[in-house]
Each structure stands twice: as structure tokens, then as C-alpha cells.
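Residue-level structure breakdown
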2 protein chains.
Amino acid sequence: MRTRLSIEQYLNGILANDRLILSQAITLVESRRTDDRALAQQVLEGILPHSGHSIRIGITGVPGVGKSTFIEAFGTYLTQLGHRLAILTVDPTSQRSGGSLLGDKTRMETLSRNPNAYIRPSPAGDSLGGVAHHTRETILLCEAAGFDIILIETVGVGQSETVVHSMVDFFLLLMLAGAGDELQGIKRGIMELADALVITKADGTNQASANHARIEYQNALHLFPPTGTGWFPPVLTCSALTGEGITNIWQTIQRYQKLTIQNGYHDQRRQEQQLTWFRTLLRQRLERQFYEQPGIRNKLAATEEQVRKGTLLPLPAIELLLSQHPA
Amino acid sequence: MRTRLSIEQYLNGILANDRLILSQAITLVESRRTDDRALAQQVLEGILPHSGHSIRIGITGVPGVGKSTFIEAFGTYLTQLGHRLAILTVDPTSQRSGGSLLGDKTRMETLSRNPNAYIRPSPAGDSLGGVAHHTRETILLCEAAGFDIILIETVGVGQSETVVHSMVDFFLLLMLAGAGDELQGIKRGIMELADALVITKADGTNQASANHARIEYQNALHLFPPTGTGWFPPVLTCSALTGEGITNIWQTIQRYQKLTIQNGYHDQRRQEQQLTWFRTLLRQRLERQFYEQPGIRNKLAATEEQVRKGTLLPLPAIELLLSQHPA
């Protein structure tokens, strides 16, 4: 059943931190119905002046690294400090829809009952671009609803880490001690995007190997080119079980926040992110207009096959396509 | 003075490895004149069946790493083995035009007099996309002219490494011993693109620190996610002065070549590169058609400024633009 409110009802509800209305607003923003779009944009424009005042933290890591457990421990700690926390996921591979909410709430049992935490999984998306677009808008809605920390979780496969990196202030990469097979899921290039690495499950018999891994990664990161912000990504360890290291992670993020606000990088990064978002959407829109022309999909597929095989060069291929389908 | 030949003259000249005609064909392909484009494409289509049969090697590293000296030593060694070598550069920052040829020839004095080596700098480009497009076409022309090894050099600033990576079979990153300040020029993420790292200037008093750096980097690379090809990027040392390590680099590249041809990755990588090239060009073309509409540049700049500041959301910004300028 679709529930649509008036603009004022959405705005007042969000600003009053009414979770039901916040959830409905997010659903509105995620809607693909044409008649929902105008309303969604008006709601977003209305809350825009109230957005932006949070710290946005991206969290990634391969399946098995203990992401949910970490977020449970870290999130609970943050709410104990008096923070209000929204947790969003970016997962274009997910085929979850109705069941997803339950799934995520089960994954984070304690947080899902915490009045200062709000968990919102991304809908089953048909493209990463679409999911990412809605997540960016959802961040704004959550900020307007007074959440001062936004955690954005990604599943750690494919391109989603890069996309999450492009919408957060701080990017945290969770790793397991004992590199090797466990790393299969992490895409190359992701390690260098991280503002901090955290070795999880540093407890019990794992403690020693976690410390060893911490030193190894720290040495490796020293060889990486500097980030250009004056920040050197540290490698930390933590245990969601014992709580060890959680405080340190939060202090690290705060140190980063303070440094980058002072040296102007925080604002610069956010402004660049806005611009990248705009340009990506504009490009998608222009491409969509082209690709949606009748009959073009089959012709494009045939053309691409020839280009892939190397029997047709890109430029004449494009001329051919455009002569039949002027954009 | 413009020299334009007939298609047959170009084709016959290139296939006969006439360097003057090869150079004229590259100039034709680089030309921005509309009346040159059709001829250039016909030449490219004519040589297409004769292209593809080389190993394409990308070389990058920060200024000061000794790139020219390395290419001199490595290239001379390859020609001594009986190979025929073309050396292309990708450098969108270059403002060189006529003088560039001389500049590059002076940089590589021995190779420039070597009958089995052909050096061709990229023209002063107005965009990396344009330079990259022409370099891809120039690779095909050089292959048709019988060069069996193509070295593509990039200056190691900005995005050019990623672009070069997208057009080669093997990507070599030159590094200096003593990480730190020297690394400032290397963009983050580039290290993980490398198929091999080479520590240069491993001679004299530098020998020990080069060996030390080799071990450090090798340990660091072990922590990187695997490439998915079954290949583990090695770290090598070399001296262009003594020639030490040069043979090893060439053997490494050949090992990689053999492995990836056997496991199918070589063909797969090339096919993906073709497709990426096509899609990039198509996107650029669609964007260009949009951006070239009269009056749009100023309006776009004003819109982007609002988006950057966060006072206008991307989606309404795009609606506004498109309502005035339907693509």
C-alpha cells in the first residue's frame, strides 16, 4: 500500500525526527514512479538547509570480516556517547526487498532496538548508479532528521566501495588478520582509498596475529603515496567481542575530522562529491536518452560485439550508430 | 606544410615500414581537420587486419625516476635481441608541439639513432581523452608497420597512468629507492595497477637501498588483493648504467605474456579495452553534442557552482538545464 503525505507533513515529520515519516520519505525518494518524483524533489529541497551537519562514515570489508558485529559494537558505543546514528547500506547485488529490513535488523539485533539508531537497507537496485543516487538523498533526509553520524555500509564487492567512498567524509576498511585468500573479495585499489584500516576479531587466540597484521599493513601503507591531506591512514585493531579498540577508532575518526575541517579538505571533499554526483547524473541522463531510442539496444549489442572482436574500430562504429540514431 | 597521400600510398607505405609515411599517417590520425578524419579512418580500417600483433607495455614513474634513461637501456637491449620497437608518449600536460620531437629524441639519444626503434611523442593535447584516443590509433599504425614491441610512456601525473593502463598488456611502474617525498607525484591507486615494480638506479652506493626497497615493496604487494590472473606482480631492481636487471625485466614480461595468453586473460583484457574505448568515445560524443549547444557553457558553470555549494540538488539542476537545452 502506498502512503503519500503532503510536503508539509513530510517536512515537519522529518524535522521532528518522526521515524515513520522519515521511512516513508525515503521510500518516496526511492520510488521509480514518475508522479512520485516531483514530490520527492520538493521534500528534498525543503530539508536541504537542514542537511549536511553529520559525519558520514563509509565502512567496507569482505563477507566474513565481521561487519555487522563491528557496526553493532561501534554503533552501540556511539549512542552511549549521546550520538544519534543512521545506518545505510549500499548493495546493488542484493535481491532483497521486503525481507531485507528484517534481514538487516536481525543482523544487528541490539542496534535495531536502540532508539538512537536507525537502520535502513538499500532497496534491491537494478544499477549501482541508482542505488548510490538514492543513498545520497537518504543521507540528506537522515541528517535533516537529526542524525549526527551516518554509517554507510557496503558489501565489499565490485564497484560499490568506490561509490561509497565518493559520498563519505571518512572511509574505513575492515580487514581480517592473515592476508591471502580472505582478500579475494576486495577489489584492487580499495586499500588506497581507506582513511583507516581496522583489523577485526583481535581477541583470544587471534590477538597475536591481529597485532602482527597491524604492523605489516602499517608498514605497507607507509609505502603508499600520501593522501594530500596531511593525514596518514593508521591501521588499528579491534574486537567487537571485548570492545577493545572501539574507542580508539572513534578518536581516530574525530582526529581526522578536526584536521580536515581545519585545513579545508573536509569542505573541499564534500564540494567535489556534490559536483561528481551532478556530473554522473547528467551523464547518465544523456546516455539514457540515447539508449532509450527504439531499436537501438539490439544494434548497439551487435556493434559492441564487432568492436570487442576488433573487426570494427570505435570511431566508425559510433558514426554508424549515430547516423541511424542521432542523439 | 600539409602532406596528404592517397589511401593506397599510406597503406603500402605503412606495411612496407616506410617511416616517413608512418609518421605522416600518425599526423593524419592526430589531425583535427574535418576533411582529414574520413581519410584517417579509411587508413585505419585498411591496416586493422595487420594490427594487434605486438606486446604493448606501459611505463610510468615520477619525474626523476630515470624513465628516459631506463627506456634507452631497455629499448637498446630489445633491439639487440632483434625486436623492432615503437615508443609513444601520453602526456596531456605537454605544451610541446613542433619542438617535442627534438626534445624526446634528445632525451633518448641512442635510441633515436637506432634503425629498429621509432620514437613518437604525443602532440600537445587539449584533453587526456583526445591524446589517449590518438595514442590507441597510433599503436595500431605502428603494429601494422611491423613493430613488435610498443612502449607507451606516461609522465606519471594525474589520470594518465590509468589511461595508459587501459591500452597496454603489461604495466610497469618505475620507483626510486627511499620512499617518501619522491612518491608525491604518484597518484594513489596506481601501485595496484602495476604488473611489475622496478626500482631504478640500483647501482653504486644506491645498490643496498634499492635491494632494501625491493624487499619492502615486495612485502607490501603481498598484502594487496590478487589480480585475478594468477600473476603476482614482482618487484625488480635495475640499473640503466650497468645494465643489471634489464634482462630480468624482459624475461618477467615474457613470463607474464605466456601465462596470460595461455589462461585467456590476454585476449580478455584486450577485448575489454576495445569495449571501454568504444564506450568512452560514445559517452564523450554524447556529452559533446550536449555541451556544444549555444549558450550552455555559462549556464552550466552557474549551475555547477550552486551544486558545489550545496544550495541546489543535482537532480533539479539537471531538470533545469535540460528544460532549456533538450539534448
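The following refers to the structure shown.

When its secondary structure is counted, chain A shows 13 helices and seven strands. A total of 327 residues make up chain A; the buried ones form 55% of that total. Across chain A, every contact between residues at least 6 apart in sequence was considered, and the portion connecting residues at least 24 apart equals 75%. A total accessible area of about 14100 Å² is found for chain A, and carbon and sulfur atoms account for 53% of it.

Residues and elements named next belong to chain A. Read across the open sheet, the seven strands follow the order β3-β2-β4-β1-β5-β6-β7; overall the sheet is parallel. Pairing within the sheet leaves two strands with one partner each, and these edge strands are β3 (117-120) and β7 (235-237). Neighbour-to-neighbour, the strand axes of this sheet turn through a mean angle of 25 degrees, independent of strand direction. For strand β2 (residues 85-90) and strand β4 (residues 149-154), the ladder comprises six bridges, and the chain directions are parallel. Pairing of L88 across the sheet is with I152, part of β4. On the sheet, helix α9 (residues 207-222) packs against β5 (170-175), β6 (196-199) and β7 and is oriented at approximately 170 degrees with respect to β7. Running at roughly 130 degrees to strand β1 (residues 55-60), helix α10 (residues 246-262) makes contact with β1, β4, β5, β6 and β7 of the sheet.

Placing chain B over chain A gives an RMSD of 0.0 Å and needs a rotation angle of 180 degrees, together with 0.0 Å of translation along the axis. Accordingly, the operation relating the two chain copies is best matched by a two-fold axis. Both copies share a contact surface, since 100% of the interface residues of chain B are interface residues in chain A too.

A few words on the interface of chain B and chain A. In this complex, chain B contributes 60 residues to the contact, which on the side of chain A involves 60 residues. Residues E319 of chain B and R285 of chain A are paired through a salt bridge, measuring 3.1 Å at the closest nitrogen-oxygen approach. Applying the counting criterion to the chain B and chain A interface returns ten residue pairs in polar contact (both at pLDDT 80 or more). Mapped by element, the contributors of at least two residues to the side of chain B that touches chain A are α3 (34-47), α7 (128-144), α9 (207-222), α11 (265-291), α12 (296-309) and α13 (314-324) of chain B. In terms of residue count, the dominant contributor to the side of chain B that touches chain A is α11 of chain B (15 residues).

What follows is about the pairing of strand β3 (residues 117-120) of chain B. Residue and element names in this part refer to chain B. Of the two faces of β3, the one holding A117 and I119 and the one holding Y118 and R120 are both buried throughout. In terms of strand pairing, strand β2 (residues 85-90) meets β3 through four bridges, oriented parallel. The partner of L85 across the bridge, within β3, is A117.

With that out of the way, let us pick up the packing of helix α10 (residues 246-262) of chain B against α11 of chain B. Two quantities define a packed helix pair, namely the angle between the helix axes and the distance between the axes. All names here are of chain B. Direction vectors running N to C along α10 and α11 enclose 85 degrees, while the axes themselves pass 5 Å from each other. Judged by the inter-axis angle, α10 sits roughly perpendicular to α11. On α11, the residues that touch Y256, Q257, T260 and I261 of α10 are Y265, H266 and R269. A per-class count over the contact of α10 with α11 returns three nonpolar, three polar and one charged.

Turning next to the pairing of strand β4 (residues 149-154) of chain B. Where a strand is regular, its side chains alternate between the two sheet faces. Residues and elements named next belong to chain B. Counting buried positions over the six residues of β4 gives six, a clear majority of the element. Burial along β4 is two-sided: I149, L151 and E153 and I150, I152 and T154, pointing in opposite directions, are all buried. The pairing of strand β1 (residues 55-60) with β4 spans five bridges and is classified as parallel. Across the sheet, R56 pairs through a bridge with I150, a residue of β4.

What follows deals with unusual backbone geometry. Residues and elements named next belong to chain B. One non-glycine residue, N17, adopts positive backbone phi at about 55 degrees. Its location among the elements puts N17 in the loop between α1 (7-15) and α2 (19-30). In this structure N17 comes out as partly exposed when scored by relative accessible area, which is 23%. We note that K201 has phi near 60 degrees; this positive angle belongs to a residue other than glycine. Position of K201 among the secondary structure elements: in the loop between β6 (196-199) and α9.

Residue and element names in this part refer to chain A. Between its first and last C-alpha atoms α10 spans 25 Å; for 17 residues at 1.5 Å apiece the expected length is 24 Å, and the two agree. For α10, every residue scored as buried is listed here: I246, I249, W250, T252, I253, Y256, Q257 and T260. Angularly, the buried residues of α10 cover 155 degrees about the axis, an arc narrow enough to put them on a single face. In α10, the exposed positions angled more than 90 degrees off the buried face are occupied by K258 and Q262.

Rules used in this analysis
- Residues numbered from 1 in each chain as written.
- Chains lettered and ligands numbered in written order.
- Predicted model: local features only at pLDDT ≥ 70, side-chain atom pairs only at ≥ 80, totals over all residues.
- Heavy atoms only, no water.
- Helix = DSSP H or I, 4+ residues; strand = E, 2+ residues; numbered from the N terminus.
- Buried < 20%, exposed > 50% of the residue type's maximum accessible area, 1.4 Å probe, protein only.
- Contact = heavy atoms within 4.5 Å.
- Areas by Shrake-Rupley, 256 points an atom, 1.4 Å probe, with all protein chains shown as cover.
- Pairing = 2+ DSSP bridges.
- Axes fitted to C-alpha atoms, helices over the stretch in contact; angles between N-to-C directions.
- Least-squares fit on C-alpha atoms with pLDDT ≥ 70 in both.
- Salt bridge = Lys/Arg side-chain N within 4 Å of Asp/Glu carboxyl O.
- Polar contact = N/O pair within 3.5 Å; in protein donor to acceptor, adjacent residues only side chain to side chain.
- Parallel < 35°, antiparallel > 145°, perpendicular 65-115°, else oblique.
- Nonpolar A, V, L, I, M, F, W, Y, C, P; charged D, E, K, R; others polar.
- Expected span 1.5 Å × (residues − 1).
- Arc of directions from axis to C-beta.

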